[in-house]
Amino acid sequence: MNYKQLTKEKKAQIDVLLDQGLSMRKTAEALGISHSTISRYKSGLYKKRKIDINNKYSIFLDYLYSHYDYKTCSIEVCIYKFKKTHLNVKCPSVKQVYNWINKGKVNLTKRDLCYKKRRGKRTSMMNHTMWNIDHKTVLPISLRPKYINKRDELGHLEIDSILGKRNEYSSIISIVDRCSRRVWLIKAEYKNEYYIDKIIYEFILRNEIIVKSITVDNGLEFQALGLSAKKLGVKLYKCDPYCSFQRGTNERTNALVRRFIPKGNSMKNVTQYYLDNISFEINSMPRKIFDYKCAYDIELKYI
């Protein structure tokens, strides 16, 4: 085979085509050369760039190699001390040094850093996550079966949280049946996802609520609700971000609850007994959509 060295003109053509977004193979086809030639050419530039870094920051790199200690003197500390003792010498930023390490441009590796990623044993939560992936327990709403939209079957629930004052931990969890529009309200003292998951699961069991599917938004308080879905043996569907219309029943019910607890009111003094009374009032309310029947009447129709 005849080997030819790349000319300056050919190198310029390669740079232009690569800058336009073409891959190495497409560039090679356009210029009639091997893609490995382009790969070697670009790797040669990388080596030159690495040498340039060593020349430009040689004083700093000598200081870094001699003073860095993962136990007592981190990258940040080295840069801080270098700036104090070398006022007129060029010094890179902390982010720049970490980029050099990640790309292998300096004689330090990720293993030399103070903080290393540790591979721990799988916890029960990791096992739960893998179970969700394998059994498809938590799914996007786009995968929710179309028959659920018909609203002719009890047990397909929508769950949301109703907040009180800003920076307040207390809230209300609203559960609505898509078919009967029956609502249940739960007082939540905290916003922790595992606490929310526990009180929802216990409330569903205690009140013998029929559950065939659950739809929630992407709120952080519902991140662990897949645990309840797993124990109940149902699918959990998550709405798309900023798409509250995908839980229209929930949003409309929350508006009814706001008639009793206006927006901005504190939830601290709201009791579960009061929430049960609100739920009864809403569920007893005649609905035009049901020909002026209430949620209890519709529920009895489908039981």
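## A short note on the packing of aromatic side chains
Given two aromatic rings, one states the distance between the centres and the angle between the planes to describe the pair.
Now for step 1: Summed over the entire model, instances satisfying the criterion amount to 5 aromatic pairs.
Now for step 2: Over the face of the ring belonging to Tyr 201 we find Lys 231, whose NZ or CZ atom lies 4.2 Å from the ring centre.

## Some remarks on the packing of helix H1 (residues 8-19) against helix H2 (residues 24-31)
Now for step 1: With their axes 10 Å apart at the nearest point, H1 and H2 run at an angle of 135° to one another. Accordingly, the angle class assigned to the pair H1 and H2 is oblique. In the packing of H1 onto H2, the handedness of the crossing is right-handed. The segment H1 lies against H2, with Lys 10, Gln 13, Ile 14, Leu 17 and Leu 18 engaging Met 24, Thr 27, Ala 30 and Leu 31.
Now for step 2: Tallied by class, residues from the contact of H1 with H2 come to 6 nonpolar, 2 polar and 1 charged.

## Let's talk about the nonpolar core
Now for step 1: Core analysis: the largest hydrophobic core is formed by 21 residues, its most contacted members being Ile 159, Ile 173, Ile 175, Ile 200, Ile 214, Phe 222 and Leu 225.
Now for step 2: Contributing elements (two or more residues each) for this core: strand E2 (156-163), strand E3 (171-177), strand E4 (183-188), helix H8 (193-206) and strand E5 (213-216).
Now for step 3: With 5 residues, H8 is the single largest residue contributor to this core.
Now for step 4: Ignoring anything within four residues of it in the chain, the contact list for Phe 222 reads Ile 159, Asp 160, Ser 161, Ile 173, Ile 196, Ile 200, Val 216, Asp 217 and Lys 238.

## Some thoughts on the pattern of salt bridges
Now for step 1: What the rule picks out here adds up to 7 salt bridges.
Now for step 2: Here Arg 182 and Glu 299 are joined by a salt bridge, their closest N and O atoms 2.8 Å apart. In this pair, Arg 182 is assigned in the loop between E3 and E4 and Glu 299 in helix H12 (residues 295-302), connecting sequence segments 117 residues apart.
Now for step 3: A salt bridge links Arg 247 to Asp 217; the shortest N-O distance between them is 3.8 Å. You can see Arg 247 sitting in the loop between strand E6 (235-238) and helix H10 (248-260) and its partner Asp 217 sitting in the loop between E5 and helix H9 (226-232), a full 30 residues away along the chain. Each member of the pair, Arg 247 as well as Asp 217, is classed as buried.
Now for step 4: Within the structure, one salt-bridge network assembled from shared partners comprises Asp 160, Asp 217, Arg 247 and Glu 251.

Each value, and the rule that gives it
Residues numbered from 1 in each chain as written. Predicted model: local features only at pLDDT ≥ 70, side-chain atom pairs only at ≥ 80, totals over all residues. Heavy atoms only, no water. Phe/Tyr/Trp six-rings, centres within 6.5 Å; stacked < 30°, edge-to-face > 60°. Lys NZ or Arg CZ within 6 Å of the ring centre and 35° of its normal. Axes fitted to C-alpha atoms, helices over the stretch in contact; angles between N-to-C directions. Helix = DSSP H or I, 4+ residues; strand = E, 2+ residues; numbered from the N terminus. Parallel < 35°, antiparallel > 145°, perpendicular 65-115°, else oblique. Left-handed = near helix turned anticlockwise from the far one by under 90°. Contact = heavy atoms within 4.5 Å. Nonpolar A, V, L, I, M, F, W, Y, C, P; charged D, E, K, R; others polar. Core = buried A, V, L, I, M, F, W, Y, C linked by side-chain atoms within 4.5 Å. Buried < 20%, exposed > 50% of the residue type's maximum accessible area, 1.4 Å probe, protein only. Salt bridge = Lys/Arg side-chain N within 4 Å of Asp/Glu carboxyl O.

Remember that the coordinates give geometry; whether it matters functionally is a separate question.
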